[in-house]
Amino acid sequence: MEFKTHSQFRDAVKEYAIKHGKHITFTKSDREKVRAICKTGCPWDIYASYVHADAVYRVKTYNSERSCTRSFDVPWKAYRARKKALEVVQGKVAKQYGQLWGYMEEIKNSNPGTTIKIQVKPVAGFEAIAKFKRLYICWGALKRGFQMRCRPIIGLDDCHLKGPYGGILLTAVGIDANNQIYPFSYAVVEIEKYKTWHWFLELLGTDLNIQNTRTYTLMSDKQKGLIEAVKNLYPNAEHRFCVRHLYNNFKQDVKGLVLKEILWRLQGQALFRALQKQCSELYKSNGGDERDRYCNIQLVGTEASCPLEQITLQHLHKM
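What counts, and at which threshold
Residues numbered from 1 in each chain as written. Predicted model: local features only at pLDDT ≥ 70, side-chain atom pairs only at ≥ 80, totals over all residues. Heavy atoms only, no water. Helix = DSSP H or I, 4+ residues; strand = E, 2+ residues; numbered from the N terminus. Polar contact = N/O pair within 3.5 Å; in protein donor to acceptor, adjacent residues only side chain to side chain. Contact = heavy atoms within 4.5 Å. Buried < 20%, exposed > 50% of the residue type's maximum accessible area, 1.4 Å probe, protein only. Arc of directions from axis to C-beta. Pairing = 2+ DSSP bridges. Axes fitted to C-alpha atoms, helices over the stretch in contact; angles between N-to-C directions. Patch = residues over 30% accessible without salt bridge, like charges linked within 9 Å, V, L, I, M, F, W, Y side chains within 5 Å. Areas by Shrake-Rupley, 256 points an atom, 1.4 Å probe, with all protein chains shown as cover. Salt bridge = Lys/Arg side-chain N within 4 Å of Asp/Glu carboxyl O. pLDDT = per-residue confidence, 0-100. Core = buried A, V, L, I, M, F, W, Y, C linked by side-chain atoms within 4.5 Å. Parallel < 35°, antiparallel > 145°, perpendicular 65-115°, else oblique. Left-handed = near helix turned anticlockwise from the far one by under 90°. Nonpolar A, V, L, I, M, F, W, Y, C, P; charged D, E, K, R; others polar. Phe/Tyr/Trp six-rings, centres within 6.5 Å; stacked < 30°, edge-to-face > 60°. Lys NZ or Arg CZ within 6 Å of the ring centre and 35° of its normal.

Asker: Can you tell me about the side chain of R134, naming the residues and giving the values?
Answerer: In this fold, R134 is placed in strand β7 (residues 126–138). A polar atom in the side chain of R134 sits 3.1 Å from the side chain of E190. Not counting chain neighbours up to four residues away, the residues in contact with R134 comprise K117, I118, Q119, V188, V189, E190, K195, T196 and W199.

Asker: Report on helix α4 (residues 100–110), specifying residues and quantitative values.
Answerer: Looking at α4, one finds that the buried residues are L100, M104 and I107. With its buried residues spanning 65 degrees around the axis, α4 presents them on a single face. Away from the buried face of α4 by more than 90 degrees, exposed residues E106, N109 and S110 are located. Tucked into the core, α4 has its buried residues touching α3 (93–96), β6 (115–123) and β7.

Asker: Describe in detail the sheet that holds strand β4 (residues 45–51), supporting the description with residues and values.
Answerer: Spatially, five strands are ordered β1-β5-β4-β3-β2 in an open sheet, and the strand pairing comes out antiparallel. This sheet does not close on itself; its edge strands, each paired only once, are β1 (2–3) and β2 (24–29). As judged from the five bridges shared by strand β3 (residues 33–38) and β4, these two strands associate in the antiparallel manner. In the strand pairing of β4, K33 is matched with S49. Strand contacts of helix α1 (residues 6–20): β1, β2, β3, β4 and β5 (56–63), with the helix running at about 160 degrees to β2, the strand carrying the most contacts.

Asker: Describe a nonpolar patch on the surface, with residues and values.
Answerer: Side chains of V93, Y97 and Y165 sit close together on the surface and give an oily, nonpolar patch of about 250 Å² of accessible area. Looking at where Y97 falls in the secondary structure, it is placed in the loop between α3 and α4.

Asker: Any chance you could break down the confidence of the model for the protein chain for me, citing the residues and the numbers?
Answerer: Mean pLDDT over the protein chain works out to 80, with 77% of the residues at or above the 70 mark. Contacts of residues 289–319 to residues separated by more than four positions or lying in other chains number 52 contacts, the stretch itself having pLDDT below 50.

Asker: So what's going on with the pattern of salt bridges? Which residues, and what values?
Answerer: Tallying each qualifying case throughout the model produces six salt bridges. Across the pair D45 and R35 runs a salt bridge whose closest N-O atoms are separated by 3.1 Å. Separated by ten residues along the polypeptide, D45 in strand β4 and R35 in strand β3 bring together distant segments of the chain. Among the residues examined, D45 registers a relative accessible area of 13% and is labelled buried. The closest approach of N and O atoms between R58 and D54, which form a salt bridge, is 2.8 Å. What makes D54 partly exposed here is its relative accessible area of 43%. Connected via shared salt-bridge partners are E2, D54 and R58.

Asker: Give me the lowdown on the nonpolar core, citing residues and values where you can.
Answerer: Within the largest apolar cluster, 28 residues are counted, with the highest numbers of intra-cluster contacts made by I154, L156, F200, L201 and L204. Contributing elements (two or more residues each) for this core: β7, β8 (153–160), β9 (168–175), β10 (181–189), α6 (194–207) and α7 (224–233). The element that contributes the greatest number of residues to this core is α6, accounting for six residues. When residues no more than four places from it in sequence are discounted, the contact partners of L201 are L156, L226, A229, V230, L233 and Y234. Counting 16 residues, the second largest nonpolar core, distinct from the first, contains I24, C38, Y57 and V59.

Asker: Would you mind going over the packing of α6 against α7 in detail, with residue names and values included?
Answerer: Two measures define how a pair of helices packs: the angle their axes make with one another and the distance between the axes. Relative orientation of the contacting elements α6 and α7 amounts to 40 degrees, with a least axis distance of 8 Å. Compared by their axis directions, α6 and α7 come out oblique. Seen along the crossing, α6 lies across α7 with a hand that is right-handed. Only G225, L226, E228, A229, V230, N232 and L233 of α7 make contact with α6, whose side of the interface consists of Y194, W197, H198, L201 and E202. Residues of the contact of α6 with α7, tallied by class, amount to seven nonpolar, three polar and two charged.

Asker: Go over helix α5 (residues 140–149) with me, naming the residues and quoting the values.
Answerer: Along α5, the residues classified as buried are G140, K143 and F146. For α5, the arc enclosing every buried residue in end-on projection is 125 degrees, short of the 170-degree limit, so these residues lie on one face. In this structure, α5 carries M148 and R149 as exposed residues pointing more than 90 degrees from its buried face. On its buried face, α5 is in contact with β6, β7, β8, β9, β10 and α6.

Asker: Please give an account of the packing of aromatic side chains that cites residues and values.
Answerer: Summed over all chains, the structure comprises ten aromatic pairs. Between Y97 and F132, the aromatic rings sit 5.2 Å apart at their centres with planes inclined by 45 degrees, giving tilted as the arrangement. With Y97 in the loop between α3 and α4 and F132 in strand β7, the pair connects residues that are 35 residues apart, well separated along the chain. Here the aromatic residues Y136, W197, W199 and F200 are joined through ring pairs into a cluster of three or more. Its end group placed over the ring of F26, R10 keeps NZ or CZ at 4.0 Å from the ring centre. Positioned above the aromatic ring of W199 is the side chain of R134, whose terminal nitrogen or guanidinium carbon lies 5.4 Å from the ring centre.

Below, the structure written as structure tokens:
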């Protein structure tokens, strides 16, 4: 048995539980592996994993033997009723993908200059049917506003979509004259990796007519695929990393609000001696000896250790 998505497999198991009156629980459920067993302890068990080569979730283990009795108190009955009610009100999600072409034309009519790109992939055995893969939108009015009034700073980020088909939302935002976030472009892709970031950034560069990448600064997290895509497409741009994302890595090893405050003060220093002072505070607050003038550069996002007096701009560029 094969399923297109993680959620489709889970829904099939829930439907089975409702139909046969079984108390089923998921003992493992992530993007790679899903396992469900019977709560009562009977041998019933099913396990599926993601097969990258075929892009499907394939059932690897299925034990249909049951020793438990049928139950009429299955918690997912309410879930199924809610699902059907939503389908009546909103329609089926899969059918709404077929309305994307009309949505594209409506956007182009109401917002001239908007760039929309849709990628689809063929369905094996059905030449006339295509399946949604990616969507890119750069709004015409917002694009012109960014080019005319915003500073050449682009923030890049992503988040997971929680719908039945999943996916990743990639976003590009600027900063306006009031230091407010100025979103102007986004894309829906299948997964966050180098190829999807490269596709998004290449279209973005064409839309903004970026000829001289040296004048731009890009800010993001440290996702490997994104770093490589920026390096290849915007080789002369300044690429800096968001302190909030750095802190999320930082706090795994270094706990406490005091260190958090020092880190935020550290990132805002414009004077070199002030930076050295904050590095020293950071080191001492983490248990370092006051007499030891060495700063563990790993704590502030770089790759090596050196005396505070020898920290150079090259070290800072690695942060």
